[in-house]
Amino acid sequence: MDITKYKYSKKQTVYALLLFLGMIIFGCYFIITDAPADALWKIMIPFIVLFGAFLIYLCYKYLLPLLRGETILELDNRQLQYRVTNLTIRWKDVASISYSTGSRSSSWSISFFMKDGGKAKTMPTLYIAGDNKAIYDTVIRYFEKYK
């Protein structure tokens, strides 16, 4: 098999950015339209700062690599590399692979159980462009061929 590369999900990245940007705008709107005698701004400011920090994190971790056209997941005959968490898994060290779904159908996690009996390593597929089932099937094909 050749090297298989997956790009960052444009749809999920834009969705997350718009969600946090919307929360910041919503909080600012409430502060602006609040009566001067109320102290709503004291409650809203920490949330706006927190959502702003999340927005900066998303831009750094997902938007910039997306705009640069980088790959998030790369599979070859020796290993799997997941760039978001710098996770590298060598096929020869894996005992088995499974998946689990989250509360949304788009949030799958692929778990790698290692031969040494250590803690399972998990890779979410949320920000990987492509169908979750197809990504999982590709990982399984590589594992079966190169284990």
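Note: the structure precedes this text.
What counts as what
- Residues numbered from 1 in each chain as written.
- Predicted model: local features only at pLDDT ≥ 70, side-chain atom pairs only at ≥ 80, totals over all residues.
- Heavy atoms only, no water.
- Pairing = 2+ DSSP bridges.
- Helix = DSSP H or I, 4+ residues; strand = E, 2+ residues; numbered from the N terminus.
- Axes fitted to C-alpha atoms, helices over the stretch in contact; angles between N-to-C directions.
- Contact = heavy atoms within 4.5 Å.
- Phe/Tyr/Trp six-rings, centres within 6.5 Å; stacked < 30°, edge-to-face > 60°.
- Buried < 20%, exposed > 50% of the residue type's maximum accessible area, 1.4 Å probe, protein only.
- Expected span 1.5 Å × (residues − 1).

1. Quick look at the sheet that holds strand E1 (residues 4-7)
The strand order across the open sheet formed by 4 strands is E1-E2-E3-E4, and the pairing between neighbours is antiparallel. Each of the sheet's edge strands pairs with one partner strand only, and the pair in question is E1 and strand E4 (87-90). When the angles between neighbouring strand axes are averaged without regard to direction, this sheet yields 10°. Here E1 runs beside strand E2 (residues 71-75); their pairing, made up of 4 bridges, is antiparallel. By the bridge assignment for E2, Tyr6 is matched with Leu73. Packing against the sheet, helix H3 (residues 132-146) makes contact with E1, E2 and strand E3 (79-82), and its axis sits at approximately 155° to E1.

2. Brief notes about the packing of aromatic side chains
A full pass over the atoms with the stated rule returns 11 aromatic pairs. Here Phe26 and Phe30 contribute two aromatic rings whose centre-to-centre distance is 4.6 Å and whose plane-to-plane angle is 80°, an arrangement assigned as edge-to-face. Of this pair, Phe26 and Phe30 are both found in helix H1 (residues 10-33), 4 residues apart, which corresponds to roughly one turn of the helix. Take Phe30: its relative accessible area is 34%, and that puts it in the partly exposed class.

3. Concerning helix H2 (residues 40-68)
If you check H2, its first and last C-alpha atoms are 40 Å apart, about what 29 residues at 1.5 Å a residue would give, namely 42 Å. One or two steps after H2, the chain reaches Gly69, where phi turns positive at roughly 75°.

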